[in-house]
Amino acid sequence: MHPLPGARLVELRSTEKRSVPATVVSPRHAAAAMSFLSDAPQEQLSALVLDKNGKPLAILSHSLGNIDSTQVDNRALLGAIQDVAGAKSFYLVHNHPAETAVLSSADRGLSENIRIINEGSGLSYGGIIAVTPSGYGDEFGDNQSYPPPGKQKKVPVVQRMFVKADRVQGLGPVSSPEDIKSNISTITGGAESGIILLSNNNVPIGFLPLDPAEMSRLRGDRLGEVLKSFHRTNATGIVGILPNEASLSAWRNVAAMANAINARPLDALFRNGAGSL
């Protein structure tokens with residue numbers, strides 16, 4: 001993904017360090033690593049990110065909510081996890097201030113949605129966990145006890161934050177295909193096809209080159225790169241750039257993915273054929 005002029009990029013920045021189990025091989029160990037969340041009087045959701053050997057890499061602090069709920073932005077969450085170097089798996093962990101170590105139906109619905117979106121991204125998802133001072137609940141059982149502390153290591157707690165940089169004049173908001181056509185070289189950098197990432201007010205802020213075959217599959221590194229691009233640009237919408245109308249089915253696959261993460265697939269433009277660039 002290459003950012004466009006005026007884009008305000010997002011990075012992961014460490015705010016503190018926490019001691020966690022040196023290796024996490026089950027939800028039990030993940031719950032122990034994140035039990036500190038139970039000290040908070042409002043619900044918080046974080047991701048424990050692991051390497052290929054189950055060694056913790058980072059704790060991604062995602063959301064601070066109300067006494068009985070918190071919100072999750074799938075785009076930001078999954079993209080930020082992809083941005084942790086060496087990430088291969090993760091758990092989602094949140095606290096229940098009411099001290100009930102039982103997953104709610106909303107917890108289970110969120111977890112299923114994350115599982116569906118994350119499928120094929122190259123990362124393994126271990127499930128969602130609710131922690132309390134006295135124990136935890138996960139998708140396999142309620143009111144479970146924490147394991148005894150073992151060997152520990154310190155990992156950074158990271159948050160999404162804007163990169164501090166000098167601002168430059170960017171492109172204007174997109175209100176019609178002509179707004180994109182007149183800036184197509186600046187936006188695509190000469191790439192034949194891909195997705196334009198748009199801000200919440202429809203300003204082009206990034207471009208990710210993808211060929212129609214990659215759009216059709218959206219698996220492995222390419223899906224991970226799409227998710228990470230949403231995180232890095234803080235984008236909320238996309239426009240497709242396609243070689244021709246024959247590749248429209250590839251765009252529909254990308255649009256379905258965008259809808260799944262609550263992004264807005266606005267339109268698709270073709271290099272050749274009707275509605276061509």
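The paragraphs below set out a description of the structure included in this document. Bear in mind the structure is a predicted one, so any value in this text is a computation, not a measurement. The residue numbering used here restarts from 1 in each chain and proceeds along that chain's sequence as written. With pLDDT at 70 or above as the cut-off, local features in this predicted model cover only qualifying residues; side-chain atom pairs require 80 or more to be listed or tallied, and sums for whole chains, interfaces and linings still use all residues. Side-chain metrics in this entry use all non-hydrogen atoms of the structure; hydrogen atoms and water are not considered.

1. With respect to the pattern of salt bridges
As a reminder of what qualifies: Between Lys or Arg on one side and Asp or Glu on the other, a salt bridge is scored when a side-chain nitrogen of the former is within 4 Å of a carboxyl oxygen of the latter. Strands here mean DSSP runs of E at least two residues long; helices mean DSSP runs of H or I at least four residues long; both are numbered from the N terminus.
Summed over all chains, the structure comprises 7 salt bridges. Linking E112 and R115 is a salt bridge whose minimum nitrogen-to-oxygen distance equals 3.8 Å. Of this pair, E112 and R115 both sit in helix α3 (residues 105–118), 3 residues apart, which is roughly one turn of the helix. Salt bridges sharing common partners tie together E112, R115 and E139.

2. Some points on the packing of aromatic side chains
Here is the rule: Any pair of Phe, Tyr and Trp rings, taking the six-membered ring for Trp, is counted once the centres come within 6.5 Å. Such a pair is stacked with planes under 30 degrees apart, edge-to-face with planes over 60 apart, and tilted for the rest. Over a ring means this: the NZ of a Lys or the CZ of an Arg is within 6 Å of the ring centre and within 35 degrees of the ring normal.
What the rule picks out here adds up to 2 aromatic pairs. Across the ring face of F162, the terminal group of R8 is positioned such that the distance to the ring centre comes to 4.0 Å. Here the basic side chain of R18 rests over the ring of F36, its NZ or CZ set 4.0 Å away from the ring centre.

3. What about helix α2 (residues 74–82)?
In plain terms, the rule: Exposure categories follow from relative accessible area, calculated using a 1.4 Å probe and restricted to protein chains: below 20% of the type maximum is buried, above 50% is exposed, and the middle band is partly exposed. Whenever two N or O atoms come within 3.5 Å, that pair is a polar contact, provided that in protein one can donate a hydrogen and the other can accept it, and provided that, for residues adjacent in sequence, both atoms are side-chain atoms.
Burial of α2 is extensive: 9 of the 9 residues sit out of reach of the surface. Residue D73 occupies the N-cap position of α2, its side-chain oxygen lying 3.0 Å from the main-chain nitrogen of R75.

4. Regarding the nonpolar core
Threshold: Only buried residues count toward a nonpolar core. Its members are Ala, Val, Leu, Ile, Met, Phe, Trp, Tyr and Cys residues joined through side-chain atoms within 4.5 Å. Any two residues having at least one pair of non-hydrogen atoms within 4.5 Å are treated as being in contact.
Core analysis: the biggest nonpolar cluster contains 47 residues, and I81, L92 and F230 have the highest contact counts within it. For this core, the leading source of residues is helix α8 (residues 248–260), giving 6 residues. Ignoring anything within four residues of it in the chain, the contact list for I81 reads A47, V49, L60, A87, F90 and L123. One finds A31, A33, F36 and L50 within the second-largest nonpolar core, a separate group that totals 18 residues.

5. A short note on the sheet that holds strand β13 (residues 264–270)
Defined as follows: In this description, strands pair whenever DSSP reports at least two bridges between them. To obtain each axis, a line is fitted to C-alpha atoms, and for helices this fit is confined to the stretch in contact; angles are then taken between N-to-C directions over 0 to 180 degrees.
Reading across the sheet, the 5 strands line up as β1-β11-β10-β12-β13 and stay open at both edges, with mixed pairing between neighbours. The open sheet terminates on both sides in strands that have one partner only, identified here as β1 (2–3) and β13. In this structure, strand β12 (residues 237–242) lies alongside β13, joined through 6 bridges in parallel fashion. In the strand pairing of β13, I238 is matched with P265. Set on the sheet, helix α7 (residues 221–233) makes contact with β10 (194–198), β11 (204–209) and β12; between it and β11 the angle comes to about 165°.

6. Structural notes on the environment of P212
The topology assignment puts P212 in helix α6 (residues 212–217). Residues P212 and I241 lie 29 residues apart in sequence; the distance between their C-alpha atoms is 9.7 Å. Not counting chain neighbours up to four residues away, the residues in contact with P212 comprise S193, P243, S247 and A250.

7. Observations concerning the pairing of strand β4 (residues 56–64)
As defined by bridge partners, strand β3 (residues 44–50) adjoins β4 across 7 bridges and the pair is classed as antiparallel. For A47, the partnering residue across the bridge sits in β4 and is L60. Between β3 and β4, which pair antiparallel in sequence order, lie 5 residues; one of them, G54, sits at a positive phi of approximately 80°.

8. Concerning α3
Using the following cut-off: Multiply 1.5 Å by the residue count of a helix minus one, and that product is the helix's expected span. The directions from the helix axis to the C-beta atoms form the arc being described.
The end-to-end C-alpha distance of α3, which contains 14 residues, comes to 20 Å, matching closely the 20 Å that a straight helix rising 1.5 Å per residue would cover. Looking at α3, one finds that the buried residues are D107, L110, S111, I114, I117 and N118. Buried positions in α3, seen along its axis, are confined to an arc of 130° and lie on one side of it. In α3, the exposed positions angled more than 90 degrees off the buried face are occupied by S105 and I116. Residues of α3 that are buried in the fold lie against β3, α2, β5 (89–95), β6 (124–131), α7 and α8.

Read these as layout, nothing more, since geometry by itself doesn't imply function.
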